[in-house]
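The lines below spell out each chain.
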Amino acid sequence: QGLVPYCNIYSTFMQRAFDQVLHDVALQNLNVVFCLDRAGLVGADGATHHGAYDLSYMRCIPNMVVSAPMNEPELRNLMFTAQQENMGPFS
């Protein structure tokens, strides 16, 4: 129907959903945009919430486009690109 789902999620929870992303999205090359929050070392959230492996584990998922915007304008452009037709999974 032309809608693109956006999954906004803490990085640490995405690590726990790795199998679902792989099997239910990536292998089917579905247009789903994953927006990860709390990437890297996050200080006050504690050691269990560090997103230190985001880029590493997302890069090994087939068909996944991995991005890391450096500022708001770049994020805006990436969000526009991600929702384009036939982009496949995008993070």
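Criteria and cut-off values
- Residues numbered from 1 in each chain as written.
- Predicted model: local features only at pLDDT ≥ 70, side-chain atom pairs only at ≥ 80, totals over all residues.
- Heavy atoms only, no water.
- Helix = DSSP H or I, 4+ residues; strand = E, 2+ residues; numbered from the N terminus.
- Rg over C-alpha atoms; globule rule 2.2 N^0.38 Å.
- Buried < 20%, exposed > 50% of the residue type's maximum accessible area, 1.4 Å probe, protein only.
- Contact = heavy atoms within 4.5 Å.
- Areas by Shrake-Rupley, 256 points an atom, 1.4 Å probe, with all protein chains shown as cover.
- Phe/Tyr/Trp six-rings, centres within 6.5 Å; stacked < 30°, edge-to-face > 60°.
- Polar contact = N/O pair within 3.5 Å; in protein donor to acceptor, adjacent residues only side chain to side chain.
- Core = buried A, V, L, I, M, F, W, Y, C linked by side-chain atoms within 4.5 Å.

K.L.:
So what about the overall build of the protein? Which residues, and what values?
P.N.:
Tallying secondary structure elements over the protein gives four helices and two strands in all. The secondary structure elements of the protein, listed N-terminal to C-terminal, are β-α-α-β-α-α. In terms of overall dimensions, the protein is globule-like: its C-alpha atoms have a radius of gyration of 13 Å, near the 12 Å expected for 91 residues. Dimensions of the protein along its principal axes, counting C-alpha atoms only, are 40 × 30 × 20 Å. Taken over 91 residues, the protein has a buried fraction of 29%. Once local pairs closer than 6 in sequence are excluded, the contacts in the protein between residues at least 24 apart make up 67%. Here the protein displays about 6,000 Å² of accessible surface, and carbon together with sulfur accounts for 54% of that area.

K.L.:
Residues and numbers for the packing of aromatic side chains, please.
P.N.:
Under the criterion given, the structure shown has two aromatic pairs. Taking the centre distance of 6.0 Å and the plane angle of 75° together, the rings of Phe18 and Tyr57 count as edge-to-face. You can see Phe18 sitting in helix 2 (residues 18-26) and its partner Tyr57 sitting in helix 3 (residues 54-59), a full 39 residues away along the chain.

K.L.:
Please provide a residue-by-residue account of the side chain of Asn31, values included.
P.N.:
If you trace the backbone, Asn31 turns up in the loop between helix 2 and strand 2 (33-37). Of the polar contacts made by the side chain of Asn31, one reaches the backbone oxygen of Gln84; its length is 3.1 Å. Within the structure, the side chain of Asn31 is placed 2.9 Å from the backbone nitrogen of Met87, a separation counted as a polar contact. With near-sequence residues (within four places) excluded, Asn31 lies in contact with Val4, Pro5, Gln84, Glu85, Asn86, Met87 and Gly88.

K.L.:
Just give me the short version of the environment of Gly2, but keep the residues and values in it.
P.N.:
Position of Gly2 among the secondary structure elements: in the segment before strand 1 (6-10). Separated by 73 residues in sequence, Gly2 and Leu75 place their C-alpha atoms 22 Å apart.

K.L.:
Hey, could you go over the nonpolar core for me, with residue numbers and the actual values?
P.N.:
Formed by Ile9, Met14, Val21, Leu22, Val25, Ala26, Val32, Phe34, Tyr57, Met58, Ile61 and Met64, the largest nonpolar core amounts to 12 residues. Taken together, the elements giving at least two residues each to this core come down to helix 2 and helix 3. With four residues, helix 2 is the largest single contributor of residues to this core. Those residues in contact with Met14, other than ones at most four positions away along the chain, are Ile9, Val21, Phe34, Leu36, Tyr57 and Met58.

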